[in-house]
Amino acid sequence: MKDSIEKPEAEFQRKIDEGHHIEPKDWMPEKYRKTHIRQISQHAHSEIVGMLPEGNWITRAPTLRRKVALLAKVQDEAGHGLYLYSAAETLGITRDELVDQLHAGKAKYSSIFNYPTLTWADIGAIGWLVDGAAIINQVMLTRTSYGPYARAMVRICKEESFHQRQGYEIMLTLCRGTEVQKQMAQDALNRWWWPSLMMFGPTDAESTHTELSMKWKIKRKSNDELRQQFVDNTVPQADILGITIPDKDLKWNEKRGHYDFGEIDWEEFWNVVKGNGRCNKERLDTRRAAHENGAWVREAAARYAEKQSNKVLSEAN
Amino acid sequence: MTNKIYQYLLFIGDNTMILGHRLSELCGHGPSLETDIALTNISLDLFGQTRNYFQLAATLSKEDKTEDDIAFLRMEHEYRNVLLVEQPNRDFAYVIGRQFLYDCYHFLLLHELVNSNDEHIAAIAQKSLKEVTYHLDFSSEWIKRLGAGTDESHEKMQNAINYLYPYTGELPEETPIELEMKELGIGADLPAMKTDYYNRVHEVLKEATLDIPETNWFQSGGKKGVHSEHMGYILTQLQYMQRAYPNMSW
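So, how was this worked out
Residue indices follow the written sequence of each chain, beginning from 1 at its first position. Labels follow written order: the first chain is A, the first ligand is 1, and so on. Only residues with pLDDT of at least 70 get local features here, since the model is predicted, and only at 80 or more are side-chain atom pairs given and counted; chain-wide, interface and lining totals rely on the full set of residues. Each side-chain value is derived from all of the structure's non-hydrogen atoms; neither hydrogens nor water enter the calculation. Note on conventions: DSSP H or I runs of at least 4 residues are helices, E runs of at least 2 residues are strands, and numbering of each starts at the N terminus. Note on classification: 1.4 Å probe, protein chains only; a residue is buried when its accessible area is under 20% of the maximum for its type, exposed when over 50%, partly exposed between these limits. The contact criterion used is simple: two residues touch if any of their non-hydrogen atoms lie within 4.5 Å. Charge assignment in this entry is limited to Lys and Arg as positive and Asp and Glu as negative, and neither His nor the chain termini are counted. To locate a charge, the coordinates of NZ of Lys, CZ of Arg, CG of Asp or CD of Glu are taken. In this setup the radius of gyration rests on C-alpha atoms only. A globule is expected at 2.2 Å times the number of residues raised to 0.38. Joining two parts hides part of their accessible area as seen by a 1.4 Å probe, and the buried area is that hidden amount summed over both. We define a salt bridge as a side-chain nitrogen of Lys or Arg found within 4 Å of a carboxyl oxygen belonging to Asp or Glu. Definition of a polar contact: a pair of N or O atoms within 3.5 Å, with one able to donate and the other able to accept a hydrogen when the atoms are protein atoms, and with sequence-neighbouring residues admitted only if both atoms are side-chain atoms. Among buried residues, the Ala, Val, Leu, Ile, Met, Phe, Trp, Tyr and Cys ones that are joined through side-chain atoms within 4.5 Å form a nonpolar core. Angles run from 0 to 180 degrees between N-to-C directions of axes, and those axes are lines fitted to C-alpha atoms, restricted for helices to the stretch in contact. Crossing handedness is read from the near helix: turned anticlockwise from the far helix by less than a right angle, it gives a left-handed crossing, and turned clockwise, a right-handed one. Only Asp, Glu, Lys and Arg are considered charged, only Ala, Val, Leu, Ile, Met, Phe, Trp, Tyr, Cys and Pro nonpolar, and every remaining residue, Gly among them, polar. The pairing test for Phe, Tyr and Trp rings, Trp by its six-membered ring, is centres within 6.5 Å, and the orientation test on the planes gives stacked under 30 degrees, edge-to-face over 60, and tilted for anything in between. Throughout, the term roughly parallel applies to angles under 35 degrees, roughly antiparallel to angles over 145, roughly perpendicular to angles from 65 to 115, and oblique to all others. Here the arc refers to the directions that run from the helix axis out to each C-beta atom.

Draft legend 1. Spotlight on the overall build of chain B. Of regular secondary structure, chain B possesses 11 helices and 0 strands. In sequence order, chain B lays out its α and β elements as α-α-α-α-α-α-α-α-α-α-α. C-alpha extents for chain B along the principal axes are approximately 55 × 40 × 30 Å. Out of the 250 residues in chain B, the part that is buried amounts to 62%. Put simply, of all contacts in chain B between residues at least 6 apart along the chain, 80% involve residues at least 24 apart. Separation of charge centres in chain B, based on 21 positive and 37 negative side chains, amounts to 3 Å.

Draft legend 2. Spotlight on the overall build of chain A. Assigned secondary structure in chain A consists of 12 helices and 2 strands. Taking 317 residues into account, the globule formula puts the C-alpha radius of gyration at 20 Å, and chain A, at 22 Å, falls close to it. Within chain A, the proportion of its 317 residues that are buried is 54%. The contacts in chain A between residues at least 6 apart in sequence include a share of 77% that link residues at least 24 apart. Here chain A holds 45 positive side-chain charges and 45 negative ones, and the gap between their average locations is 3 Å.

Draft legend 3. Quick peek at the interface of chain B and chain A. Each partner contributes residues to the interface: chain B has 48 residues there, and chain A has 45 residues. In this assembly, chain B packs against chain A so that about 3900 Å² is buried in total across both faces, 72% of it on carbon and sulfur atoms. For chain B, the biggest contributors to the area lost against chain A are Leu33, Leu44 and Trp250 of chain B; these three give 19% of the whole. Summed over the shared surface of chain B and chain A, the result is 1 salt bridge. Across the pair Glu34 of chain B and Arg95 of chain A runs a salt bridge, and its minimum N-O distance is 2.4 Å. Between chain B and chain A we count 12 residue pairs in polar contact (both at pLDDT 80 or more) in total. Within the residue set of the side of chain B that touches chain A, elements represented by two or more residues are helix H1 (2-24), helix H2 (33-60), helix H3 (67-72), helix H5 (92-113), helix H6 (119-147), helix H7 (151-164), helix H10 (229-238) and helix H11 (240-244) of chain B. Counting residues per element, the side of chain B that touches chain A draws most heavily on H2 of chain B, at 12 residues.

Draft legend 4. Region of the structure containing the environment of Trp250 of chain B. As for its position among the elements, Trp250 of chain B is in the segment after H11. In sequence terms Trp250 of chain B and Gly187 of chain B are 63 residues apart; their C-alpha atoms lie 34 Å from each other. Excluding residues that lie within four positions of it along the chain, Trp250 of chain B makes contacts with Pro62, Thr63, Arg66, Trp120, Thr173, Leu174, Gln181 and Met184 of chain A together with Met241, Gln242 and Tyr245 of chain B.

Draft legend 5. Structural view of the nonpolar core. Core analysis: the largest hydrophobic core is formed by 177 residues, its most contacted members being Trp120 of chain A together with Ile143 of chain B. The element best represented in this core is H5 of chain B, accounting for 15 residues. Leave out the neighbours within four places in its chain, and Ile143 of chain B touches Ile96, Gly97, Phe100, Met157, Ile161, Val204, Leu205, Ala208 and Leu210 of chain B.

Draft legend 6. Examining the packing of H5 of chain B against H6 of chain B more closely. Residues and elements named next belong to chain B. Between H5 and H6, the least distance of the axes is 7 Å, while the angle of their chain directions is 145 degrees. Handedness of the crossing formed by H5 with H6: left-handed. A class-by-class count of the residues in the contact of H5 with H6 yields 18 nonpolar, 9 polar and 1 charged.

Draft legend 7. View of the packing of aromatic side chains. Scanning the entire structure with this criterion turns up 23 aromatic pairs over all chains. Judged by centre distance (6.0 Å) and plane angle (85 degrees), the ring pair of Phe12 of chain A and Trp216 of chain A falls under edge-to-face. Of this pair, Phe12 of chain A sits in helix H1 (residues 2-17) while Trp216 of chain A sits in the loop between helix H8 (210-215) and helix H9 (223-241), and the two are 204 residues apart along the sequence. Just as Phe12 of chain A is buried, Trp216 of chain A falls in that class too. An angle of 50 degrees between the planes, with centres 6.4 Å apart, marks the rings of Tyr198 of chain B and Phe218 of chain B as tilted. Taken together, the positions of Tyr198 of chain B in helix H9 (residues 190-207) and Phe218 of chain B in the loop between H9 and H10 put the pair 20 residues apart, joining distant regions of the chain. Residue class for Tyr198 of chain B comes out buried when judged on its relative accessible area of 12%. Owing to a relative accessible area of 28%, Phe218 of chain B belongs among the partly exposed residues under this scheme. Members of the aromatic cluster, each reached through a chain of ring pairs, are Phe12, Trp27, Tyr32, Tyr146 and Trp216 of chain A.

Draft legend 8. Representation of the pattern of salt bridges in the model. All names here are of chain A. In this structure the tally under the stated criterion is 31 salt bridges over all chains. Between Asp187 and Arg191 there is a salt bridge whose closest N-O contact spans 2.8 Å. Placement of the pair is Asp187 and Arg191 together in helix H7 (residues 179-198), with a separation of 4 residues, close to one helical turn. What makes Asp187 partly exposed here is its relative accessible area of 31%. A salt bridge links Arg303 to Glu306, with the nearest nitrogen and oxygen atoms 3.0 Å apart. With a gap of 3 residues between them, Arg303 and Glu306 both fall in helix H12 (residues 295-316), about one helical turn apart. For Arg303, a relative accessible area of 32% translates into the label partly exposed. Overall, Glu306 belongs to the partly exposed group, its relative accessible area being 42%.

Draft legend 9. Local environment of the packing of H12 of chain A against H6 of chain B. Contact pair H12 of chain A / H6 of chain B: the axes reach a minimum separation of 8 Å and the direction vectors enclose 90 degrees. Judged on the interaxial angle alone, H6 of chain B and H12 of chain A are roughly perpendicular. From H12 of chain A, Trp296, Val297, Ala300, Ala301 and Tyr304 of chain A reach across to H6 of chain B, where they touch Trp142, Lys144, Arg145 and Leu146 of chain B. The residue makeup of the contact of H12 of chain A with H6 of chain B, split by class, is 7 nonpolar, no polar and 2 charged.

Draft legend 10. Quick peek at H10 of chain B. Within the sequence span of H10 of chain B, burial applies to Met231, Ile234, Leu235 and Leu238 of chain B. Considered in projection along H10 of chain B, the buried side chains sweep an arc of 95 degrees and stay on one side of the axis. Exposed side chains of H10 of chain B directed beyond 90 degrees from the buried face belong to Glu229 and Tyr233 of chain B. Buried-residue contacts for H10 of chain B involve helix H3 (64-89) of chain A together with H1, H3, helix H4 (83-86) and H11 of chain B.

As structure tokens, this is what we get:
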């Protein structure tokens, strides 16, 4: 009896250790399934909620070229949400259930989207920093053990790296522009820098999920490693822009071969996670309103499809 | 002459821009992810077309204008779009109704413009026609879905059509510039499209089990620059950056 329980688990771990993907029909521990539903749906929700802060600037984008690029970017996020909800559905849950969890406040999404976008430079800063941080996490996830998630990530990463370059290019244009534009870029960096570092989650010492996530190759690097990689990538980019990262403790550490950086304000982090960010309520209210206002449309489409298929059936008879 | 073609391009490009703007307001707020993506696609197509028209107009401009000067730096009365495309997104039925009533016209317009004597206009029309054929298909299908879906959707769709229908009268109206362009074989024959337009609109409405609104009165003014109260607010957002931070590169 003991064997029959241990066997699939051993087989499962062997596949992971040998670097094979776990596929939807494979046996998996319940905790692995639940962890993935949680992680993939949080990621999907982040894409969908993430449409709102940037969407805030679509109607005010400064040129037609920028407007089209921003629209296309926000649309890509809707597309990412769709693949990710589909990946989560392979684990035996529906998109409707997941969306209900979000709207009920039971599911989390990336806290970064609870910060407001106040100027056009925020659109540049989000692309550069927020997408830059997301990519570091997502490149790692292209090698995650769950097949549908890993494959979704490959596609998403390609688009995200394009978004990041687009964001950086907005920043570069601002920094080469007038003094007012440069100030706008600096102000955006000031506001988005620390929240971007928080995107990697609590420090390794505080993180509750890291150990099992590593064993199951859900994650392959710790929060602190990823955060360090982000800082190391980003500091030289800020130097090229000629704007200053708002951290007096930031300096190159020759011995470590990395940048040292200052202490993150974890009180702020946990406050935003708990719902006290500037835009938590507004973001969720907006998502709920879109969903509720669309209910009659979804019902009509379902009813119409049903009528059409009845018509085809009765014509066939 | 080039000035008149420039003026003519505004009639076409302002419609695509303002309708694209209205759709862009919905990005992230659609009734489902799929419709959100589809409406954003249409908005992207319309802005792409707008850029083509305004880039062409910029080459004809005597004052060395850019596409963005044309898009963002005019006074309200200088915009030539019809009142229909300014109408707000009251609910999804209004969005679909506005889209359908415009798509039907847009499709017929482009069908004419592919034969324009101006090769640039003909080329833009050729490219745009493929996109607009899809837009018309999308909006016609949704008119049917909402018209023949549930009682609630039928009522909402009917209300939207009743509200928007009086704004269609302006579409085939011909201004002096449009008349002149028609006579030169550059522009479309708008009055000649009128019967076909209403036949097509009515056919879809009937299939959607919707009533054709009985009205003898049509609104007009947009083409002459006399817009609705909505237009000022659209421009407030559209022009915000260019007005607040003039003469900068973005």
